[in-house]
Amino acid sequence: MTAVELHHGAASDVGLVREVNEDSYLATPPVFVVADGMGGHDGGDVASRIVVEEFGRLATNGYDPEHGAAVIAETLQACQGRIVEYAAAQRARGATGFRAGTTAVVAMLVEDAGTPQWLLANLGDSRAYRFRDGELDQVSVDHSLVQELVDSGAITEADAAVHPERHVITRALGVPEHRNDARADYFLLPLPSAERLLLCSDGVSGMLEAAEIAEILGRLEDPRDAADAVVAAAVAAGGRDNATAVVVDVVGLVRQDAYDAERQRGSLEEKLGALP
Amino acid sequence: MSEPSTWEREGAARSFQPGDWYAVLGPHVVVLLPPSQRQRAAATWSAVDAGAGFDEVLDAVLADGLRGLPAFALVGRRDPARSAVTALLRGPVRASFTADGETVAVDGDAAVTWVERTFATVQEMVLVAEPVAAGPQLPAGDGLVRVSRLQQPAAAAVPEPLPEPLPEALRVPEPEPEPAPQEASGLDLVEELLTEPVVVLPEPDDLPPVPPPAPGGAAVPPPPPFPPPAFDADQAGDHDGLTETGRGPAVEPSPATSRPVARLAFSHGETVDVDRPVVIGRAPEARRFEPHDQPRLVTVPSLHQEISATHVEVRPGAGADHGLAVATDLGSTNGTVVVQPGLGPEELRPGIPVQLLPGAVIDLGDGVTVHVTNP
């Protein structure tokens, strides 16, 4: 019997430009969430908090780990209902044009035939990355206008980073006109392939190059330090948006290096002159 | 007492014209759902297939709330032993019901929530969900089909004496009184099954109970034995865009049945039922799948790294492949070979699903084979 041990760190900062931090996060093993709210004070912050509340309930009450995707889908649906209701109530009280919406990126430990796995889900442009062997691998695919342009070949990844409409997202929770687009994409990863996960809002991924994030995640072993440093770097880089990061490490896995990984390292060391 | 017609009888088959709407057809109920409601259609079919009654089917249709459901139609007999037919319509769905030469039209747009009508007896019903393309009427039994128009003609009225109303206290809840002069047909079996207590969960009945909260929130639900799959460093190099799974080429929803369509016996000893997508590889991952389609990841040993991290997928087939397993190579480096019984080896083309007959053998390379058998 091997229990899965998770270590985590989380940090969030309002940034240098915004007045309200509309990001929220949940770091309650085995459920982790980053939500980036939209709509301004009492709008986006409430929407993202609703997401954290609903998923927090899963963390405390437990869930069926064999049907994780259905569990997440139901929870997102519940969030959607609550946010739409909340916005309608605000409008009914006279706040004309009141809007509240949020992104969500979720990492949840599930299990299949006794094997624990990471189940990830995303909606909007908050991201899930995995970090291993010094490399940062973006797992989630943004639901954003620029991602659609990249997918269609109209622009490159580099263009996307500076595109004027890079903040326009195509799926979100709580936005009535996105009603049919409150669907998340789901991802299953075996734990050994994702010993460190990063969930973050676009205030992190939009301010830092992937290489900068990778450098921090590789340098700082403690996930609390890593999360703090990632957010601090995003703020230092300009802090144009709320920046939030959750870093989760799976610890205690017996790591079996694959045959060709050994061989590659051997040949690399040989080329570098480390071995005779 | 009027002479009720039977709502469903052998020979009183339905007919439909193809379209984009989902029609869930059961022995006692018919449900129409808009093209956007794929998951709801799957869940509703699960309920109907499990023999759920009218009210339980309504629960399944509304399980995800009414707000996200712009339109639907649910027509059937709330009491299978009686002839009365109830119709619920929401949104741009129109229906007409004919009895004794009289036709009543019902329009789902005429109410904020839904329009409800009950008819003592119905001889013919037509449901129209979207503009109907000219074309032949196709026969439909029970199942899940995509339609624009559905018609349920009645057979000649069969005398079906209703049971005398009993005082509530005397009524025995189970079994339901059978309509007496029903001739022997497959339907009797359905009726019989329906008198048994029915579990209406849209999910498979092997649903394990929700685990208690993890102690102290420290780690996971029950810590399972965990044989760590082989870790490999080059796996990142495998993400060539073709390894995306869960978005199989199948356009139609996989039938949301929990019944496995095949069993996979792996050469390393593992046995897996194909009741959902099974993603096989050296260190398999699944990307961008839908929540009702959560795959099972099966890690196979690959001593010489000939098997790709995410190599091949086997899933229950949809549409023409319904009831069979289909295999799809997910862009593996060294390919997948399938040997169907009595045929020569066939190399799978990446992304193209191939039906698997019982007795087929899938060869992933590196000495790993998978035998396909009946479940």
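Here the structure is shown first, and the text comes after it.
Summary of the structure given here. Predicted, not measured: the structure shown is a model, and the values here were computed from it.

The next thing to look at is the overall build of chain B. Scanning chain B from terminus to terminus reveals three helices and 22 strands. Here chain B, with 375 residues, has 49% of them falling under the buried criterion. Across chain B, the fraction of contacts at a sequence separation of at least 24, relative to all contacts at a separation of at least 6, is 60%. Put simply, chain B shows about 16,800 Å² of open surface, and 57% of that area lies on carbon and sulfur atoms.

With that settled, the discussion passes to the sheet that holds strand β17 (residues 325-329) of chain B. Residues and elements named next belong to chain B. Spatially, β15-β13-β16-β17-β20 is the arrangement adopted by the five strands of the open sheet, whose pairing is mixed. Pairing within the sheet leaves two strands with one partner each, and these edge strands are β15 (296-299) and β20 (354-356). The sheet shows a mean angle of 25 degrees between the axes of neighbouring strands, taken without regard to direction. Alignment of strand β13 (residues 278-281) against β15, held across four bridges, turns out to be parallel. Residue pairing across strands places Val-278 opposite Arg-296, the latter belonging to β15.

In this section: helix α1 (residues 44-61) of chain A. All names here are of chain A. Under the 1.5 Å per step criterion, the end-to-end length of α1 is 26 Å for 18 residues, consistent within 8% with the ideal 26 Å. Burial within α1 is extensive, with 13 of its 18 residues counted as buried. One or two residues past the end of α1 sits Gly-62, with phi positive at roughly 85 degrees.

Residue and element names in this part refer to chain B. Spatial strand order, β12-β11-β22-β21-β18-β19: six strands in an open sheet with antiparallel pairing. Two strands in the sheet have a free side with no partner beyond their single neighbour: β12 (271-273) and β19 (345-347). When the angles between neighbouring strand axes are averaged without regard to direction, this sheet yields 25 degrees. One ladder, built from four bridges, connects strand β11 (residues 263-266) with strand β22 (residues 368-373); its direction is antiparallel. When the sheet's bridge partners are listed, Ala-265 is paired in β22 with His-371.

Residue and element names in this part refer to chain B. Mapped onto the secondary structure, Ala-129 falls in the loop between β8 (124-128) and β9 (138-140). According to the relative accessible area criterion, Ala-129 is buried, its value standing at 9%. A sequence separation of 110 residues divides Ala-129 from Gly-19, and the C-alpha atoms of the two residues are 8.7 Å apart. Excluding residues that lie within four positions of it along the chain, Ala-129 makes contacts with Trp-21, Leu-32, Pro-92 and Ser-148.

This part covers the packing of aromatic side chains. Residue and element names in this part refer to chain B. Overall, the coordinates contain five aromatic pairs over all chains when judged by the stated rule. With 5.8 Å between their ring centres and 75 degrees between their planes, Phe-72 and Trp-114 make a pair best called edge-to-face. Within this pair, whereas Phe-72 is found in strand β3 (residues 72-76), its partner Trp-114 is found in the loop between β6 (102-107) and β7 (115-119), the two being separated by 42 residues in sequence. With a relative accessible area of 0%, Phe-72 lands in the buried category.

The tally for this structure, following the rule as stated, stands at 25 salt bridges over all chains. Here Glu-285 of chain B makes a salt bridge to Arg-287 of chain B, at a shortest N to O gap of 3.5 Å. Residues participating in the shared-partner salt-bridge network are Glu-53, Glu-54, Arg-57 and Arg-82 of chain A.

Time to look at the environment of Ala-320 of chain B. All names here are of chain B. Mapped onto the elements, Ala-320 comes out in the loop between β16 (312-316) and β17. With a relative accessible area of 78%, Ala-320 lands in the exposed category. As for Ala-320 and Gln-355, which are separated by 35 residues in sequence, their C-alpha atoms are 9.8 Å apart.

Thresholds applied
- Residues numbered from 1 in each chain as written.
- Chains lettered and ligands numbered in written order.
- Predicted model: local features only at pLDDT ≥ 70, side-chain atom pairs only at ≥ 80, totals over all residues.
- Heavy atoms only, no water.
- Helix = DSSP H or I, 4+ residues; strand = E, 2+ residues; numbered from the N terminus.
- Buried < 20%, exposed > 50% of the residue type's maximum accessible area, 1.4 Å probe, protein only.
- Contact = heavy atoms within 4.5 Å.
- Areas by Shrake-Rupley, 256 points an atom, 1.4 Å probe, with all protein chains shown as cover.
- Pairing = 2+ DSSP bridges.
- Axes fitted to C-alpha atoms, helices over the stretch in contact; angles between N-to-C directions.
- Expected span 1.5 Å × (residues − 1).
- Phe/Tyr/Trp six-rings, centres within 6.5 Å; stacked < 30°, edge-to-face > 60°.
- Salt bridge = Lys/Arg side-chain N within 4 Å of Asp/Glu carboxyl O.

So yeah, pure geometry; function would need other evidence.
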